[in-house]
2 protein chains.
Amino acid sequence: MTTATRDSTGLSTTEFAVLGLLSFGPRSGYELKKAAEAGVGYVWTAAKSHVYGVLPRLVEGGFATTRRVTQERRPDKQVYRITRKGRRAFQEWLEAPIEERGARSPFLLKVFFGGLMRNEVLAAHIEQKRAEVVRELEEYREIEGRIRDDPQSYFGYVTLRWGLTQARAWIRWADEILRELGERP
Amino acid sequence: MTTATRDSTGLSTTEFAVLGLLSFGPRSGYELKKAAEAGVGYVWTAAKSHVYGVLPRLVEGGFATTRRVTQERRPDKQVYRITRKGRRAFQEWLEAPIEERGARSPFLLKVFFGGLMRNEVLAAHIEQKRAEVVRELEEYREIEGRIRDDPQSYFGYVTLRWGLTQARAWIRWADEILRELGERP
DNA sequence: GGCGGATTAGTCCTGAGCGGACTATATTGG
DNA sequence: CCAATATAGTCCGCTCAGGACTAATCCGCC
């Protein structure tokens, strides 16, 4: 079993995410960041500094090429294009078995230590979380309306439906626990 | 808005997780790691090297004290005890508003790029994931049987029920998508 | 009785990844 | 007209992950 973050090709998950976006066409670091925010960012996030750090490494490894594009009304930009080697590596990664990483939720961490805080504080945290999830759910439903019948977005829609299912599960859980906390002394 | 990882007291979430465990009694690095695996680790993980790195910093900041315990039949150990300042900081953190971090699921990342792989490969990934979640679900149900009527474990049980709800939602999602992929050309 | 593997306890190193500060110019909104 | 936002990117310091390594003792099994 290799690392959770590094593959046999020696690339990290973030590098593959970037390659995946580049497979739709050449992009600059800035454009990649924007594109991520609008789509894949819902399931894989990376800091701006991180994607800028990753790009030169992809070029070094022969997974992408780059050229400077001079612009007149905007700052110049460095545009990256995926290579055949890059596509091959991405393809292999897609088919490789998946290793998920451990859960890390500050929210659930606080719930776990719920016995060390007043009941009302915990309830407030859960209500807050519930409200956030409700907002998320609305956002997802809005996106759903826009992409549900667009065959181009089918796989985005599949991940979106994961979000919808999870959000509804969150709300059910929150309601159940809030009711229970309300009945407690 | 301060950092997502660092609080106003200057501590990271992992440091608070450690403080939380220390609030149940003095522990060595090794014991903390073990304790985490059996409980809080389901919602917050940290590498061994990380908890060993965090402990001296807690002492430096006055959140914990430490003393060497010499043992005869085992290697000596360094035991850490939470201080009043540590408890206060932990308490404050518990009550502070929560910032969740961005989602990072290699699995969903692959699903997002599902259009770039053969249908059967994607289906295999989802089946694999489903099987893992079913195993998790069984594990959770087993734990549930052990702690459901123990009032000491109430808040652990609350987080466990989150796991149960999410696992069931995962399975529903997987079944729905697998059916759909099966009907596709 | 002895061997191998797990357990106890910890150190150290490399690299991934995060968030924020900073620079600079150009466009847009009030 | 001025402030805010958008475009495009660099850099720093920190958190965090994983694996390699040491070293002794305990346990199971043949």
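Residues numbered from 1 in each chain as written. Chains lettered and ligands numbered in written order. Predicted model: local features only at pLDDT ≥ 70, side-chain atom pairs only at ≥ 80, totals over all residues. Heavy atoms only, no water.

**Quick look at the domain arrangement of chain A**
Argument step 1. Partitioning chain A into structural domains gives domain 1 (13–95) and domain 2 (106–183).
Argument step 2. Each of domain 1 of chain A and domain 2 of chain A has a C-alpha centre, and these two points are 31 Å apart. (Domains from an automatic or database assignment.)

**Looking at the packing of aromatic side chains**
Argument step 1. Counted under the stated rule, the structure contains 22 aromatic pairs over all chains.
Argument step 2. Aromatic side chains Tyr42 of chain A and Tyr140 of chain A sit 6.1 Å apart centroid to centroid with 75° between the ring planes, which places their arrangement in the edge-to-face category. In this pair, Tyr42 of chain A sits in the loop between α2 (29–38) and α3 (48–60) while Tyr140 of chain A sits in helix α6 (residues 119–147), placing the two residues 98 residues apart along the sequence.
Argument step 3. Its relative accessible area of 34% is what places Tyr42 of chain A among the partly exposed residues.
Argument step 4. In textbook terms, an aromatic cluster arises when at least three aromatic residues are bridged by ring pairs, as seen for Phe16, Phe24, Phe90 and Trp93 of chain A together with Phe112 and Phe113 of chain B.
Argument step 5. The side chain of Arg161 of chain B reaches across the aromatic face of Tyr157 of chain B, ending 4.7 Å from its centre. (Phe/Tyr/Trp six-rings, centres within 6.5 Å; stacked < 30°, edge-to-face > 60°. Helix = DSSP H or I, 4+ residues; strand = E, 2+ residues; numbered from the N terminus. Buried < 20%, exposed > 50% of the residue type's maximum accessible area, 1.4 Å probe, protein only. Lys NZ or Arg CZ within 6 Å of the ring centre and 35° of its normal.)

**Let's talk about the sheet that holds strand β2 (residues 64–69) of chain A**
All names here are of chain A.
Argument step 1. Taking strand neighbours across the sheet as the criterion, the three strands line up as β1-β3-β2 in an open arrangement whose pairing is antiparallel. Looking along the sheet, the strands with just one partner apiece sit at the ends: β1 (27–28) and β2.
Argument step 2. Sheet topology note: the β1/strand β3 (residues 77–82) ladder contains two bridges and is antiparallel. Paired with Arg27 across the two strands is Tyr80, which belongs to β3. (Pairing = 2+ DSSP bridges.)

**Some words on the relation of the copies chain A and chain B**
Superposition of the two copies of the chain requires a rotation about an axis together with a shift along that axis.
Argument step 1. Once turned by 180° and shifted 0.0 Å along the axis, chain A lies on chain B with an RMSD of 0.1 Å. Both copies of the chain, as the preceding transformation shows, are related through a two-fold rotation axis.
Argument step 2. Both copies share a contact surface, since 100% of the interface residues of chain A are interface residues in chain B too. (Least-squares fit on C-alpha atoms with pLDDT ≥ 70 in both. Contact = heavy atoms within 4.5 Å.)

**A few points about the sheet that holds strand β1 (residues 27–28) of chain B**
All names here are of chain B.
Argument step 1. Pairing within the open sheet is antiparallel, and its three strands lie in the order β1-β3-β2. Both edges of this open sheet fall to β1 and β2 (64–69), since each of them pairs with a single strand only.
Argument step 2. Pairing between β2 and strand β3 (residues 77–82): six bridges, direction antiparallel. The residue bridging Ala64 from the neighbouring strand is Ile82, located in β3.

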